[in-house]
Amino acid sequence: MKKANSSDISLKFIILSVLVFLSATSAYSQAKRYKIYEEYIETYKGIAVDHMRKYKIPASITLAQGLLESGAGKSALTKNSNNHFGIKCHNDWTGGKVYQADDTPNDCFRKYKRAEDSFEDHSRFLADKPRYKSLFALEITDYRGWAKGLQQAGYATDKAYANKLIKLIEDYELYQHDKRGFSKEKIREIEETQVRNKEYRHIPYKTHNLVYVIAEAGDTYEGIAGEFDFKPKDLYKYNEVPEGFPLKAGDLVYFEKKKSKADKPYYEHEVQVGESMYSISQLYGIKVKNLYKMNKKDFEYVPTEGDVLKLR
């Protein structure tokens, strides 16, 4: 594709700069948050960050798995055994055991003296098992890649497992803890370099009658906003995300408000592993609240692989 010159780009963004701001509230502010989930995060975020630095597992993934597998610490298994991650005994386990119905009526699960021991065993379980080795090649901030990889590696049989982790991470902004894997100096260096870089590194595209760019590895909303003379808060608003929301290579960043429904001929979408209602809304340039509404779903809904969603 021919690269757009700076004058063409400037003209596009002069036009875009006069667009009316979004009046809708961010989709993420509409997702209901549970106090017991927030309390769990507050209790264990320090351990999750420590383990991220020691074992290179994203803190967001550890917290989301803990929330999901333990019911925010309230499940019977967790209360009876301090098992926060649903790890079964397996042949190499020599510690305490409890028995509970799962895949069979009497499955064996690991029992721990303290919650901290469960977190430690979970980190070692992922780090030591060959089937999870490929995940450690991912960026520490790539929680979507980690979630998808855990499901594909067989951590859980639930077809919506990856999508449930992603929803928890995004609803509770757990990705913020992954940044603690970098020093403050490194974060500042990345952000300042991107904000100050006034060269047009990204090529604007237009699809679904919307102008956008495609994020590259290491991009932030602040960096892209600085590149095209936007205010970061406007890009956050157009893309329906809270401040600090992470980008990964391939994400779409819109420069104008999204639509209420997809353009023809996009009538339906079949859900894939690792997708969320938000990522699907970005793919088609639809407001996420409209995607929920069209499909008669509330904000607790997690799309499962194979589900078919209406787009218009």
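Residues numbered from 1 in each chain as written. Predicted model: local features only at pLDDT ≥ 70, side-chain atom pairs only at ≥ 80, totals over all residues. Heavy atoms only, no water.

A. Spotlight on the layout of surface pockets. In this structure, the second largest pocket encloses a volume near 550 Å³. For the second largest pocket, the lining is made up of 25 residues, of which Glu 69, Gly 86, Lys 88, Asp 102 and Tyr 155 are closest to its centre. Elements with a contribution of two residues or more to the lining of the second largest pocket: helix H4 (59-70), helix H5 (76-81) and helix H8 (161-171). Its residues placed into classes, the lining of the second largest pocket shows 12 nonpolar, six polar and seven charged. (1 Å grid on protein atoms, 1.4 Å probe; cavity = no way out; pocket = protein on both sides within 12 Å on 5 of 7 lines; lining within 4 Å. Points joined across faces, edges and corners; volume = space filled by probe spheres on them. Helix = DSSP H or I, 4+ residues; strand = E, 2+ residues; numbered from the N terminus. Nonpolar A, V, L, I, M, F, W, Y, C, P; charged D, E, K, R; others polar.)

B. Quick peek at the state of the cysteines. Counting across every chain of the model gives one disulfide. Here Cys 89 engages in a disulfide with Cys 108; their sulfurs sit 1.9 Å apart. Note on the Cys 89 and Cys 108 pair: the S-S dihedral is about -65°, so by sign convention the disulfide is left-handed. Of this pair, Cys 89 sits in the loop between H5 and strand E1 (96-100) while Cys 108 sits in strand E2 (residues 107-111), and the two are 19 residues apart along the sequence. Its relative accessible area of 17% is what places Cys 108 among the buried residues. (Disulfide = S-S within 2.5 Å. Buried < 20%, exposed > 50% of the residue type's maximum accessible area, 1.4 Å probe, protein only.)

C. Broad picture of the packing of H4 against helix H7 (residues 143-152). At a minimum axis separation of 9 Å, H4 and H7 run at an interaxial angle of 50°. Between H4 and H7, the crossing angle belongs to the class labelled oblique. The two elements H4 and H7 meet at a crossing, and its hand is right-handed. In this structure, H4 uses Ser 60, Ile 61 and Gln 65 to contact H7, whose residues at the interface are Tyr 143, Trp 146, Ala 147 and Leu 150. Across the contact of H4 with H7, the residue classes break down as five nonpolar, two polar and no charged. (Axes fitted to C-alpha atoms, helices over the stretch in contact; angles between N-to-C directions. Parallel < 35°, antiparallel > 145°, perpendicular 65-115°, else oblique. Left-handed = near helix turned anticlockwise from the far one by under 90°. Contact = heavy atoms within 4.5 Å.)

D. The environment of Asp 117, seen in detail. Along the chain, Asp 117 turns up in helix H6 (residues 115-128). Taking the C-alpha atoms as reference points, Asp 117 and Asn 82, 35 residues apart in sequence, are found 8.2 Å from one another.

E. Spatial organisation of the pattern of salt bridges. Tallied over the entire structure, the rule returns 16 salt bridges. The shortest N-O distance in the salt bridge between Lys 88 and Asp 102 comes to 2.9 Å. Here Lys 88, found in the loop between H5 and E1, pairs with Asp 102, found in the loop between E1 and E2; they are 14 residues apart in sequence, far enough to count as distant. With its nearest N and O atoms 3.8 Å apart, the salt bridge here joins Asp 92 to Lys 129. Taken as a pair, Asp 92 in the loop between H5 and E1 and Lys 129 in the loop between H6 and H7 lie far apart in primary sequence, 37 residues in all. Linked through salt bridges whose partners overlap, the residues forming this network are Asp 92, Arg 110, Asp 121 and Lys 129. (Salt bridge = Lys/Arg side-chain N within 4 Å of Asp/Glu carboxyl O.)

F. Geometry of H4. Taking 1.5 Å per residue as the helical rise, H4 with its 12 residues ought to reach 16 Å, and the 16 Å between its terminal C-alpha atoms agrees with that figure. Burial analysis of H4 places 10 of its 12 residues in the buried class, the great majority of the element. If you check which residues of H4 are buried, you get Ala 59, Ser 60, Ile 61, Thr 62, Leu 63, Ala 64, Gln 65, Gly 66, Leu 67 and Ser 70. Contacts from the buried residues of H4 go to helix H3 (35-55), H5, H6, H7 and H8. Gly 71 lies just past H4 and shows a positive phi near 60°. (Expected span 1.5 Å × (residues − 1).)

G. Molecular detail of the pairing of E1. In terms of strand pairing, E1 meets E2 through five bridges, oriented antiparallel. From the neighbouring strand, Tyr 99 faces E2, where its bridge partner is Cys 108. Between E1 and E2, which follow one another and run antiparallel, lie six residues. (Pairing = 2+ DSSP bridges.)

H. Summary view of H3. In this model H3 runs 29 Å from its N-terminal to its C-terminal C-alpha over 21 residues, within 8% of the 30 Å that 1.5 Å per residue would give. At Tyr 44, H3 is deflected by roughly 50°, the largest bend along its length. (Bend = angle between axes of the 7 residues up to and from the residue.)

I. Looking closely at the sheet that holds strand E3 (residues 205-207). Spatially, three strands are ordered E3-E4-E5 in an open sheet, and the strand pairing comes out antiparallel. Looking at the sheet topology across the chains shown, the edges are occupied by E3 and strand E5 (252-254). Between one strand and the next, the sheet's axes are offset by a mean angle of 45°, whatever the strand orientation. Two elements, strand E4 (residues 210-214) and E5, share three bridges in a ladder whose sense is antiparallel. Each bridged residue has a counterpart across the sheet, and for Tyr 212 the counterpart in E5 is Tyr 254.

In short, the description is geometric, and any link to function would need to be established separately.
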